[in-house]
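Each chain, written out:
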Amino acid sequence: MIKETQKYNKWIVILSITIPVVVAVLFGVKIDAKLPVFLPPIYASINALTSIVLIVSFWAIKNKKVKLHEKLMKIAIAFSVVFLVLYVAYHMTSNSTKFGGEGSIRIVYFVILISHILLSIAVIPFVLITYVRAITNNIELHKKIAKFTFPLWLYVAISGVIVYLMISPYY
């Protein structure tokens with residue numbers, strides 16, 4: 001089981017580094033194109049759906065509905081990938097929106113935004129490790145890391161929606 005898990009470790013490291021670097025690089029790329037739809041409410045909705053799927057998945061595993069849990073976790077991962085693609089596409093084709101709030105709400109916004117960004121990077125290896133431990137049937141280690149992965153991932157999904165709601169009046 002350990003050997004099977006180890007073959008994935010290289011990919012976990014590569015993806016955990018590559019994804020944030022590629023996203024940062026792509027933020028510097030601007031494409032002169034108009035998207036047919038306004039993406040922020042779409043990717044915010046995907047974040048909201050991700051949080052719901054994560055909560056239902058948590059309920060499923062607590063109620064020993066393992067197959068449902070597995071399906072829901074795959075859906076949550078797929079939603080996160082779609083979110084990331086849409087988020088990058090939006091930022092490659094649009095200028096960033098400045099938050100217009102003042103006073104204490106501005107501080108609250110930036111605390112949520114910065115924690116969201118930092119934890120969205122930090123959660124990548126947690127999700128990958130948790131997933132690998134599940135697919136390699138290393139359930140005890142899967143449970144141990146899932147205790148950290150779940151709240152981190154849930155915070156990232158929910159805080160993404162909050163950031164969108166707070167900045168949406170300024171689009």
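Refer to the structure presented above.
Reference entry: report on the structure contained in this document. (Residues numbered from 1 in each chain as written. Predicted model: local features only at pLDDT ≥ 70, side-chain atom pairs only at ≥ 80, totals over all residues. Heavy atoms only, no water.)

Along the chain, the position of Lys 34 falls in the loop between helix H1 (2-27) and helix H2 (39-62). Note: C-alpha distance between Lys 34 and Met 73 (39 residues apart in sequence) is 33 Å. (Helix = DSSP H or I, 4+ residues; strand = E, 2+ residues; numbered from the N terminus.)

Attention shifts here to the packing of H2 against helix H3 (residues 66-93). Axis separation between H2 and H3 bottoms out at 9 Å; the angle between their running directions is 165°. By the angle class used here, H2 and H3 are roughly antiparallel. Crossing hand, H2 versus H3: left-handed. Looking at side-chain class alone, the contact of H2 with H3 contains 25 nonpolar, 6 polar and no charged residues. (Axes fitted to C-alpha atoms, helices over the stretch in contact; angles between N-to-C directions. Parallel < 35°, antiparallel > 145°, perpendicular 65-115°, else oblique. Left-handed = near helix turned anticlockwise from the far one by under 90°. Nonpolar A, V, L, I, M, F, W, Y, C, P; charged D, E, K, R; others polar.)

Right, let's get into helix H5 (residues 139-167). Taking 1.5 Å per residue, 29 residues should reach 42 Å; H5 reaches 40 Å between its end C-alpha atoms and fits that length. Where H5 bends most, the angle comes to about 40°, and this point is Ala 146. (Expected span 1.5 Å × (residues − 1). Bend = angle between axes of the 7 residues up to and from the residue.)

With that out of the way, let us pick up the packing of aromatic side chains. Following the criterion strictly, the structure yields 14 aromatic pairs and no others. Centre to centre, the rings of Phe 38 and Tyr 90 are 5.9 Å apart; their planes meet at 85°, and the pair counts as edge-to-face. Of this pair, Phe 38 sits in the loop between H1 and H2 while Tyr 90 sits in helix H3; the two residues are 52 residues apart in sequence, bridging distant segments of the chain. The class for Phe 38 is partly exposed, based on a relative accessible area of 42%. Residue classification places Tyr 90 among the buried residues on the basis of a relative accessible area of 5%. An aromatic cluster of three or more residues is present, and its members are Phe 27, Phe 38, Tyr 43, Phe 83, Tyr 87, Tyr 90, Tyr 164 and Tyr 171. (Phe/Tyr/Trp six-rings, centres within 6.5 Å; stacked < 30°, edge-to-face > 60°. Buried < 20%, exposed > 50% of the residue type's maximum accessible area, 1.4 Å probe, protein only.)

Right, let's get into a nonpolar patch on the surface. Together, Val 13, Ile 17, Val 21, Val 25, Val 29 and Ile 31 line one region of the surface with nonpolar side chains, adding up to about 500 Å² of accessible area. Counting through the fold element by element, Val 25 comes out in helix H1. (Patch = residues over 30% accessible without salt bridge, like charges linked within 9 Å, V, L, I, M, F, W, Y side chains within 5 Å. Areas by Shrake-Rupley, 256 points an atom, 1.4 Å probe, with all protein chains shown as cover. Salt bridge = Lys/Arg side-chain N within 4 Å of Asp/Glu carboxyl O.)

Turning next to a positive patch on the surface. A contiguous patch of positive charge on the surface is contributed by Lys 62, Lys 64, Lys 144 and Lys 147. You can see Lys 147 is positioned in helix H5. What makes Lys 147 exposed here is its relative accessible area of 65%. (Lys, Arg positive; Asp, Glu negative; His and termini not counted. Charge placed at Lys NZ, Arg CZ, Asp CG, Glu CD.)

It is worth spelling out the environment of Val 22 at this point. With respect to the secondary-structure elements, Val 22 resides in helix H1. Overall, Val 22 belongs to the partly exposed group, its relative accessible area being 38%. Val 22 sits 75 residues away from Thr 97 along the chain, and the two C-alpha atoms are 21 Å apart.

We now examine the pattern of salt bridges. Going through the model one piece at a time under the given rule, you end up with 2 salt bridges. The partner of Lys 67 in a salt bridge is Glu 70, with the nearest N and O atoms 3.7 Å apart. Of this pair, Lys 67 and Glu 70 are both found in helix H3, 3 residues apart, which corresponds to roughly one turn of the helix. Taking the shortest distance from any N to any O, the salt bridge between Glu 140 and Lys 143 comes out at 3.8 Å. Here Glu 140 and its partner Lys 143 are both found in helix H5, 3 residues apart, which amounts to about one turn of the helix. Here Lys 143 falls in the partly exposed class, since its relative accessible area comes to 45%.

One finds Val 53, Leu 54, Ala 60, Leu 72, Met 73, Ala 76, Val 123, Val 127, Leu 152, Trp 153, Leu 154 and Val 156 forming the largest nonpolar core, which totals 12 residues. Of all the secondary-structure elements, those providing two or more residues to this core are H2, H3, helix H4 (104-135) and H5. If one sorts the elements of this core by residue count, H5 sits on top with 4 residues. Setting aside chain neighbours within four positions, we find Val 53 in contact with Leu 72, Ile 75, Ala 76 and Phe 79. Counting residues in hydrophobic clusters, the runner-up holds 7 residues, among them Tyr 109, Ile 112, Leu 113 and Ile 167. (Core = buried A, V, L, I, M, F, W, Y, C linked by side-chain atoms within 4.5 Å. Contact = heavy atoms within 4.5 Å.)

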